[in-house]
Amino acid sequence: MTGALEGKVAFITGAARGQGRTDALRLARDGADIIAVDLCGPVSSVEGFYALPTPEDLAETVRLVEQTGRRIVAHRADVRDLDALRAAVDDGVRKLGSLNIIVANAGIFTFGQDTHKVPQTAWNDIQDINLTGVWHTYAAAADHLIEAGAGGSVIIISSLAGFKGLANVAAYTTAKHGIVGLMKVLANELGPHGIRVNTIHPNSIDTEMVKNTAAYALFRPDLDEPRAEDAEPAFASLNPMGKAWIEPEHVANAVAWLASDESYYVSGAQLPVDGGASIA
């Protein structure tokens, strides 16, 4: 789809590494300029699960996007901070000219507790980042998106947990279901403007959020220091295609399609990219 997004600008949260960086590179290769945002700092409730991105990670995203020949404006900003997001988007639009695509990708993942034992801080952090942060992402960019007119696209990264009630993943599952409701509202609100809104629902993606010792231990509690190969059969059993971890490039393919005019009349959809896990 080289050139399919020529002349368009995409705003992507959680862009420093992993799925967000992969989305930024794919959209840039298709011709889009990028407004990239990431916290690039710690969240206390995630400590002990996996390390969050750094400023150096965001700088690497900038370098890689620029290698494609596209422009990128990057800011460190927390999706919990609406004013900071607005400032980042406004600066990006001032430098790049418009805004046509929103990819609400930023999120955190904690898991493993019985629902009544989830720490209050962990619950609040996930709702604030994974749910309210998506609303903030849209709210910060909405005026620019509507001003750009028909053909715009809002793409929200949900999860298999946006379809299923996954045991011991209550806070994350609640937030991922919540953004589906937000998507449906926005699809109705933005339809008259010719702007589409959809969610993508990946299974476990091959990124640091899932590929870490804490996640492996959830499936192999019998081991003190489980490795990827120890947990791989258990992860693979979660979908009919037997794939333990989905490559982020395949999720980015769906993002690119929903961002392009090839999906012009697709709005209000919940698109699984999960190896069939949602039907398993």
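What counts as what
- Residues numbered from 1 in each chain as written.
- Predicted model: local features only at pLDDT ≥ 70, side-chain atom pairs only at ≥ 80, totals over all residues.
- Heavy atoms only, no water.
- Helix = DSSP H or I, 4+ residues; strand = E, 2+ residues; numbered from the N terminus.
- Rg over C-alpha atoms; globule rule 2.2 N^0.38 Å.
- Buried < 20%, exposed > 50% of the residue type's maximum accessible area, 1.4 Å probe, protein only.
- Contact = heavy atoms within 4.5 Å.
- Areas by Shrake-Rupley, 256 points an atom, 1.4 Å probe, with all protein chains shown as cover.
- Lys, Arg positive; Asp, Glu negative; His and termini not counted.
- Charge placed at Lys NZ, Arg CZ, Asp CG, Glu CD.
- Polar contact = N/O pair within 3.5 Å; in protein donor to acceptor, adjacent residues only side chain to side chain.
- Core = buried A, V, L, I, M, F, W, Y, C linked by side-chain atoms within 4.5 Å.
- Phe/Tyr/Trp six-rings, centres within 6.5 Å; stacked < 30°, edge-to-face > 60°.
- Lys NZ or Arg CZ within 6 Å of the ring centre and 35° of its normal.

What should I look at first to understand the overall build of the protein chain in this one?
Within the protein chain, the secondary structure is distributed over eight helices and seven strands. For 280 residues, the compact-globule estimate of 2.2 N^0.38 gives 19 Å, and the protein chain sits close to it at 18 Å. Based on the C-alpha atoms only, the size of the protein chain along its principal axes is roughly 55 × 35 × 35 Å. Within the span of the protein chain, comprising 280 residues, buried residues form 56% of the whole. Within the protein chain, residue pairs in contact and separated by at least 24 positions form 75% of the contacts whose partners lie at least 6 positions apart. Put simply, the protein chain shows about 11,700 Å² of open surface, and 52% of that area lies on carbon and sulfur atoms. Counting 22 positive and 34 negative side-chain charges, the protein chain places the centres of these two groups 2 Å from one another.

Just to check I follow, could you spell out the environment of Leu182 for this structure?
By secondary structure assignment, the location of Leu182 is in helix H5 (residues 170-190). When the C-alpha positions of Leu182 and Ser45 are compared, they lie 25 Å apart, and in sequence the two are 137 residues distant. Discounting residues that sit within four places of it in the chain, Leu182 has contacts with Val134 and Trp135.

Is there a simple way to think about unusual backbone geometry in this case?
Generally, phi is negative for residues other than glycine and the peptide bonds are trans, each holding for most cases. The backbone of Cys40 shows a phi angle near 55°, a positive value even though the residue is not glycine. Relative to the helices and strands, Cys40 is located in the loop between strand E2 (33-38) and helix H2 (55-67). Look at Cys40 and you get buried, because its relative accessible area is 4%.

Could you clarify how one ought to interpret the side chain of Asn105 in this entry?
Its place among the elements puts Asn105 in the loop between strand E4 (101-104) and helix H4 (120-148). For Asn105, a relative accessible area of 12% corresponds to the buried category. Only 3.2 Å separates the side chain of Asn105 from the backbone oxygen of Gly14, close enough to count as a polar contact. Not counting residues up to four positions away in its chain, the partners in contact with Asn105 are Thr13, Gly14, Gln19, Gly20, Asp23 and Ile157.

Please clarify how the nonpolar core should be interpreted in this entry.
Across soluble globular proteins, you tend to see nonpolar side chains buried next to one another. Counting 59 residues, the largest nonpolar core has Phe11, Leu99 and Val154 as the members making the most contacts within it. With 10 residues, H5 is the single largest residue contributor to this core. Phe11 has contacts with Ile35, Val37, Leu85, Val89, Leu99, Ile101, Ile102, Val103, Thr137 and Ala141, leaving out every residue within four places of it along the chain.

How should I be thinking about the packing of aromatic side chains in this particular structure?
Aromatic ring pairs are described here by two measures, namely the spacing of the ring centres and the angle between the planes. A full pass over the atoms with the stated rule returns seven aromatic pairs. On the numbers, 4.7 Å between centres and 35° between planes, the contact of Phe109 with Phe111 is tilted. Each member of the pair, Phe109 as well as Phe111, carries the same accessibility label: buried. Chaining the aromatic ring pairs together yields one cluster made of Phe49, Phe109, Phe111 and Tyr172. Seen from the ring of Trp245, Lys211 lies directly overhead, with NZ or CZ sitting 4.5 Å from the centre.

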